Amino acid sequence: MKKFFYLAAAFLAAACAGKPQEFHVIPMPADVSINEGSFSLKGTSISIDDQLDEASLGAVLRFVDALETASGAQLRLVEDGALRFIVNPNLAAEQYAINVTKEHADVEASALNGFVYACETLKQMLPAAIYGNVKAKGPWVLPCVSILDQPRFGYRGVMLDAARHFWSVEETKKVIDAMAAFKMNRLHWHLTDDQGWRIEIKAYPKLTEVGAWRAGTQIGKDQSQWDDVRYGGFYTQDELRDVVAYAAERGITIIPEIDLPGHMVAALSAYPELGCTGGPYEVRKIWGIALDILCAGNEEIYTFIDKVFDEVTDIFPSEYVHVGGDECFGGRRHKMDPVPWDNCPKCKALMRKLHIKPGLQARHLVQDYVTRRVQKILADKGRKIIGWDEILEGNLEPGATVMSWRGTAGGEKAVAKGMNAIMSPNKYLYIDYYQSPEFDKEPMCIGSRVLPVEKVYGYEPMNGMPEGAEDYILGVQCNLWTEYIGTNEGLEYMLLPRMCAAAEIGWVEADAKDYARFDASLDHSFEIFDAMGVNYCLDCRGLIGLDRVPARDSLELAEYLAERDQ
Ligand code: ACM
Ligand code: ZN
């Protein structure tokens with residue numbers, strides 16, 4: 001319904017003004033009405049409510065700085081300016097209002113996130129040069145507009161895998177800048193995996209001395225081939241705190257992930273006594289899933305986890321800590337083949353103690369035991385856990401939040417159990433998949449799925465959910481795994497513009513989504529990316545050339561087309 005309102009408003013205003021009105025803000029604000037006329041920001045007078053807290057003031061001053069640089073004109077700070085930033089305690093923390101007339105531009109919010117989003121909306125209404133560092137022509141005018149805006153979901157995330165490839169602090173901040181521009185508010189930072197441990201832990205120095213470095217890296221998609229180039233890196237605690245603060249200033253909470261009890265080979269290489277066999281282990285050079293996992297029956301792993309999370313929670317103030325839980329039992333040829341826990345005296349003793357009968361379900365119940373212990377360790381530190389949807393395969397009670405990645409079933413099951421869920425179904429939100437079926441023209445990606453921006457946009461988190469799910473679905477997240485991404489340009493290319501589509505899913509009400517409107521705004525986003533100096537996929541519309549070049553995996557492609565066209 002709302003989209004007709006937007007179009008009608010834009011059309012009406014355009015007719016009144018006698019020229020086309022353009023409004024290309026992504027994500028589309030909840031309520032917008034565009035009026036006749038405009039307001040010039042260049043060198044205008046500005047007043048800032050002295051009730052603004054320090055963080056909100058910082059956000060406003062960053063906007064002012066960007067405007068002054070781009071327009072080449074200083075703003076004049078006065079008692080009652082034409083551009084006014086006002087604290088309005090009646091607005092929710094993530095809500096803001098913008099009212100622009102020919103005489104005034106009023107910006108109201110009650111807290112940091114509202115001011116951050118208001119400033120980002122202002123920037124998107126201006127020429128994209130405001131995202132750059134040089135003076136530009138403008139025009140530095142806002143359309144006369146009334147906006148009252150707030151997000152549909154409180155959790156709008158991006159997951160960045162820093163384990164398979166390591167991203168510098170500078171590059172991570174670039175990702176954060178891109179997130180902030182599109183009002184994303186959670187960075188889920190995947191800091192540990194089989195191929196590298198990236199977070200300095202002072203109690204366990206070998207995690208980074210040994211675990212942060214691998215002796216080589218898989219070449220292409222062939223698991224039997226790797227180079228012999230030592231690869232790695234890690235973030236010091238000072239660097240991590242710096243990134244946490246940088247993100248927080250932009251309204252973004254960082255949720256660290258320590259993936260356990262699987263995906264732990266880098267840690268096992270440093271401390272082999274934490275594994276069932278005692279090793280030796282080697283930081284993994286190839287992708288895929290490792291067989292080796294933490295020894296659930298060894299009390300030492302719980303001390304290790306406790307001490308690691310002591311430091312993790314000291315660095316990251318987030319309400320949630322992600323504890324992984326995915327793919328603990330992979331790495332085997334057949335599902336029935338044993339996992340390390342099946343043959344380990346300590347794990348077998350644990351199963352006897354817990355009265356867990358041998359069989360396939362036993363491993364899920366042991367994982368459940370590990371998850372509950374970790375949940376308790378973190379609860380004692382005042383934190384809640386998020387886990388990948390495998391944590392539901394035992395008998396986990398409500399309290400944990402489930403991240404649904406193997407489709408949407410995990411989210412549906414969580415909701416049915418009265419547990420919170422974050423939706424990141426791989427088919428729609430795994431932005432490490434190809435963006436177009438022309439695989440030969442794309443950088444190498446994982447698997448052979450095709451996930452163009454339009455398909456990301458088409459995801460509706462409430463589809464298939466049981467009644468009352470609104471109370472449990474916290475939001476959405478796109479995941480950027482980096483096995484096949486080794487350069488900053490590659491990382492940005494995979495992220496953008498698909499992250500913008502994820503941002504709309506998280507922000508805009510279902511009935512206000514409109515791919516044609518979104519698509520029409522993408523060109524402005526491309527100008528923004530250019531001004532920010534970030535790479536992106538220009539040919540992201542996905543089906544370009546589809547009828548000319550056959551895809552390699554026709555099954556995947558047929559599946560994609562059937563879904564797309566239904
Ligand atoms: C995952 O993609 N293994 C969570
Ligand atoms: Zn064991």
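Our subject in this report is the structure included herewith.

## Some points on the side chain of His524
Moving on, step 1. Within the secondary structure layout, His524 lies in helix H16 (residues 515-532).
Moving on, step 2. On the accessibility criterion, His524 (11% relative accessible area) is buried.
Moving on, step 3. A polar contact is formed between the side chain of His524 and the backbone oxygen of Gln124, at a distance of 3.0 Å.
Moving on, step 4. Not counting the four nearest positions on each side in its chain, His524 is found in contact with His24, Gln124, Leu126 and Ala128.

## Some details on the coordination of the zinc ion (ligand 2)
Moving on, step 1. All of the protein donors around the zinc ion (ligand 2) are Cys276 (SG), Cys295 (SG), Cys344 (SG) and Cys347 (SG); their distances to the metal are 2.3 Å.
Moving on, step 2. Taken together, the four donor atoms surrounding the zinc ion (ligand 2) define angles of 106 to 113 degrees at the centre, an arrangement classified as tetrahedral.
Moving on, step 3. Each donor residue of the zinc ion (ligand 2) belongs to the same chain, and together they define the spacing C-x18-C-x48-C-x2-C. You can see Cys295 sitting in the loop between helix H7 (265-270) and helix H8 (299-315) and its partner Cys344 sitting in the loop between strand E17 (320-322) and helix H9 (345-353), a full 49 residues away along the chain.

## Comments concerning helix H2 (residues 54-71)
Moving on, step 1. Compared with the 26 Å implied by 1.5 Å per residue over 18 residues, the 25 Å span of H2 between its first and last C-alpha is a close match.
Moving on, step 2. Where H2 is concerned, the buried positions are Ser56, Ala59, Val60, Phe63, Val64, Ala66, Leu67, Glu68, Ala70 and Ser71.
Moving on, step 3. Considering only its buried residues, H2 is in contact with strand E2 (45-48), strand E4 (83-87) and helix H3 (112-125).
Moving on, step 4. Residue Asp53 occupies the N-cap position of H2, its side-chain oxygen lying 3.1 Å from the main-chain nitrogen of Ala55.
Moving on, step 5. Gly72 occupies a position one or two residues after H2 and carries a positive phi of about 75 degrees.

## A closer look at the packing of helix H4 (residues 169-181) against helix H14 (residues 488-495)
Moving on, step 1. Packing of H4 against H14 brings their axes to within 11 Å, and their N-to-C directions diverge by 20 degrees. As judged from the angle between their axes, H4 and H14 are roughly parallel. As for the relative orientation of H4 and H14, their crossing is right-handed in sense. Contact with H4, carried on its side by Glu171, Lys174, Val175 and Ala178, involves Asn488, Leu491, Glu492 and Leu495 of H14 and no other residues of that element.
Moving on, step 2. For the contact of H4 with H14, the per-class residue count stands at four nonpolar, one polar and three charged.

## Points about unusual backbone geometry
Moving on, step 1. With omega at 10 degrees, the peptide bond leading from Gly138 into Pro139 counts as cis.
Moving on, step 2. Along the chain, Pro139 falls in the loop between H3 and strand E7 (141-149).
Moving on, step 3. Residue Pro280 follows Gly279 across a cis peptide bond; omega there is 5 degrees.
Moving on, step 4. Relative to the helices and strands, Pro280 resides in the loop between H7 and H8.
Moving on, step 5. Phi at His263 takes a positive value of approximately 55 degrees, unusual for a residue other than glycine.
Moving on, step 6. Checked against the element boundaries, His263 lands in the loop between strand E16 (253-257) and H7.

Calculation notes
Residues numbered from 1 in each chain as written. Chains lettered and ligands numbered in written order. Predicted model: local features only at pLDDT ≥ 70, side-chain atom pairs only at ≥ 80, totals over all residues. Heavy atoms only, no water. Helix = DSSP H or I, 4+ residues; strand = E, 2+ residues; numbered from the N terminus. Buried < 20%, exposed > 50% of the residue type's maximum accessible area, 1.4 Å probe, protein only. Polar contact = N/O pair within 3.5 Å; in protein donor to acceptor, adjacent residues only side chain to side chain. Contact = heavy atoms within 4.5 Å. Donors = N, O, S within 2.8 Å, 3.2 Å for Na, K, Ca; no water. Tetrahedral: all angles 85-135°; square planar, octahedral: opposite > 155°, others 65-115°. Expected span 1.5 Å × (residues − 1). Axes fitted to C-alpha atoms, helices over the stretch in contact; angles between N-to-C directions. Parallel < 35°, antiparallel > 145°, perpendicular 65-115°, else oblique. Left-handed = near helix turned anticlockwise from the far one by under 90°. Nonpolar A, V, L, I, M, F, W, Y, C, P; charged D, E, K, R; others polar.

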